[in-house]
Amino acid sequence: MNILKEDTIAAISTPYGTGGVGKIRVSGPEAEIIVDKIFKMKKHKYLKDVDSHTVHYGYIIDKKISRLIDEVIVTVMRRPRSFTGENVVEIDCHGGIKPLENVLELLIKNGARMAEPGEFSKRAFLNGRIDLAQAEGIMEVINARTEKGLDLSVAHLTGKLSNIIEGLRDDIIVLLSHLEAAIDFPEDEIEGFNSKELGERINNIKEKIKTLLETSRQGKIYQEGIKTVIVGKPNVGKSSLLNFFLEEKRAIVTEVPGTTRDIIAEYINLKGIPLKIIDTAGIRETENLVEKIGVEKTRDSLNNADLVLMMLDVNQGITDEDLKVYDLIKEKPLIVIINKTDLPNKIDREKIDEYFLEHPIIWISIKEEEGLNELKDAIINEVFIKEINPDNEVFISRARHINALKRALESLDRVIEAYNNGMAYDFLTIDIKDSLNYIGEITGETVTEDIIDRIFSDFCLGK
Ligand SMILES: Nc1nc2c(ncn2[C@@H]2O[C@H](COP(=O)(O)OP(=O)(O)OP(=O)(O)O)[C@@H](O)[C@H]2O)c(=O)[nH]1
Ligand SMILES: [Mg+2]
């Protein structure tokens, strides 16, 4: 599918900044030869003479000007037993910006090329060291925000999802080969194939795909967090709630209505679930341009919210404006929060259930810290899907995977439809092959170079 690039790449693999150590990774056919040009070992003369998977102490030296750059540890891992499947040399420098930049520059001067983002992982994929789902798992592990999120990412990284996908592909391949045999030898009884069972077998495969798809909402929650948007009129206490969740004074809180003008988004970990809490500009008609833009942004973020916290203020009561906002969002997962219960109540407790239908209503006072645990429980309740087994090991979470599975499902639906309409077998095989291709996109079995490039360009530099 792809022709491997024959050049040798290098990049700084640790974060930019200062730290105890910083790592530079070099990968490609010339890795050792290039590093040999700038490395002076204590014990040996050349890296190419040392055993694979050994570690060596020495100095990086700009030999042209006899300048000593850093004291380092160098690890050699020869192909194919390396992350990329190529010759890999890793240089552990002191973790400062200057030594790392200088060493990288020297490598480039001596024949290495600066790696593109994700290029090491891409080479690992192209060399068959990992499949696409595993490569994506690497990024998920790096970005994991909760313990559960980490567990799920590691399951992707170690190939647990890939195994399920391979199992699905095998099921479809067997089905396809039986069908093709039945086409080629219409008179013969094909062992293991009974045309009456065809629909049932496809349905079995469909069920497996559906089970996987059902994990996606939960999977996304664990991995990306729940986009939780706080909305309400100015001054009801939205920013105060954000600050309470963060346990710090992140957003400005004042008694002036219209304090928050821009969107503020922060992650919190609520009982193991990552919430991306978004504080917004209070919704009201306004002539102020900045506030107007803020209100527009609020409306936008409501569109992609996974959960809305609609805030009211007992002291301001419920207005037509509140009901208008509610009308926009009532189809979403939503919790109505009534804040400032420490102040005189202008809200009719009887009427409120009528207004807000089946949505949970939680009364709180941020000032007196009342009702806040109840609110946390209500949030967990709202986002947790009970039918999913929380001990499930493999969840899917990526839009790419979800789309591929959905399209595979659609293809299989077409097979069943064609089968029920008494279409010829060779007609059925077209859609079966399609479903196979869609499933194969997940692990990268069947995927175009474009998609591969796009996936790896989202990776970080040096990974
Ligand atoms: N009495 C009382 N005051 C509160 C409570 N929660 C917040 N406040 C006050 O209400 C005022 C507005 O709070 P904010 O958090 O800035 O409200 P907001 O909804 O973000 O306001 P905008 O950004 O202007 O839309 C501040 O003076 C807060 O101290 C509460 O539970 N009780
Ligand atoms: Mg605010």
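Visitor: Explain the pattern of salt bridges here, please?
Guide: All chains considered together, the criterion is met by 28 salt bridges. The salt bridge involving Lys 297 is made with Asp 262; its shortest N-O contact spans 2.8 Å. Taken together, the positions of Lys 297 in helix α10 (residues 289–303) and Asp 262 in the loop between α9 (238–246) and β9 (264–270) put the pair 35 residues apart, joining distant regions of the chain. Ionic contacts of the salt-bridge type, sharing partners, join the residues Asp 7, Glu 86, Arg 113, Glu 116, Glu 119 and Arg 123 into one network.

Visitor: Just to check I follow, could you spell out unusual backbone geometry for this structure?
Guide: Negative phi is the rule for most residues except glycine; trans is the rule for most peptide bonds. Of note, the amide linkage connecting Arg 79 to Pro 80 takes the cis form, showing an omega dihedral of -5°. Within the fold, Pro 80 resides in the loop between β5 (67–77) and β6 (88–95). Residues other than glycine seldom take positive phi values, yet Glu 247 does so here, at roughly 55°. One can find Glu 247 in the loop between α9 and β9. For Lys 271, which is not glycine, the phi torsion reads 50° and is therefore positive. Judged by relative accessible area, which is 59%, Lys 271 ranks as exposed.

Visitor: Teacher, can you tell me more about a nonpolar patch on the surface here?
Guide: A contiguous nonpolar patch, built from Val 55, Tyr 57 and Ile 73 and spanning about 250 Å² of accessible area, is present on the exposed surface. Note that Ile 73 resides in strand β5.

Visitor: Quick question: what am I supposed to make of the sheet that holds strand β10 (residues 273–279) here?
Guide: The strands making up a sheet associate through backbone hydrogen bonding, with each pair oriented either parallel or antiparallel. Taken in spatial order, the six strands of this open sheet run β9-β10-β8-β11-β12-β13, and their pairing is mixed. The strands lining the two open edges of the sheet, one partner per strand, are β9 and β13 (361–363). This sheet shows a mean twist of 25° between the axes of neighbouring strands, independent of strand direction. Here strand β11 (residues 307–313) runs beside strand β12 (residues 334–339); their pairing, made up of six bridges, is parallel. Looking across to β12, one finds that Val 308 is bridged to Leu 334.

Visitor: What should I look at first to understand the coordination of the magnesium ion (ligand 2) in this one?
Guide: Reference geometry at the metal: tetrahedral coordination by four donors gives ideal angles of 109.5 degrees; octahedral coordination by six donors gives 90 or 180 degrees. The magnesium ion (ligand 2) binds to the protein through Ser 239 (OG) and Thr 260 (OG1), with metal-donor distances spanning 2.0 to 2.1 Å. Residue Ser 239 is located in helix α9, and its partner Thr 260 is located in the loop between α9 and β9; the two are separated by 21 residues in the primary sequence. Residue Ser 239 is classed as buried on the basis of its relative accessible area, which comes to 8%. For Thr 260, a relative accessible area of 12% translates into the label buried.

Visitor: Explain a positive patch on the surface to me, please; I cannot follow it from the model alone.
Guide: Taken together, Lys 40, Lys 42, Lys 45 and Lys 63 make up a surface patch of like positive charges. Mapped onto the elements, Lys 45 comes out in the loop between β3 (39–41) and β4 (54–62). A relative accessible area of 62% means that Lys 45 is categorised as exposed.

Reading the values: the criteria
- Residues numbered from 1 in each chain as written.
- Chains lettered and ligands numbered in written order.
- Predicted model: local features only at pLDDT ≥ 70, side-chain atom pairs only at ≥ 80, totals over all residues.
- Heavy atoms only, no water.
- Salt bridge = Lys/Arg side-chain N within 4 Å of Asp/Glu carboxyl O.
- Helix = DSSP H or I, 4+ residues; strand = E, 2+ residues; numbered from the N terminus.
- Buried < 20%, exposed > 50% of the residue type's maximum accessible area, 1.4 Å probe, protein only.
- Patch = residues over 30% accessible without salt bridge, like charges linked within 9 Å, V, L, I, M, F, W, Y side chains within 5 Å.
- Areas by Shrake-Rupley, 256 points an atom, 1.4 Å probe, with all protein chains shown as cover.
- Pairing = 2+ DSSP bridges.
- Axes fitted to C-alpha atoms, helices over the stretch in contact; angles between N-to-C directions.
- Donors = N, O, S within 2.8 Å, 3.2 Å for Na, K, Ca; no water.
- Lys, Arg positive; Asp, Glu negative; His and termini not counted.
- Charge placed at Lys NZ, Arg CZ, Asp CG, Glu CD.

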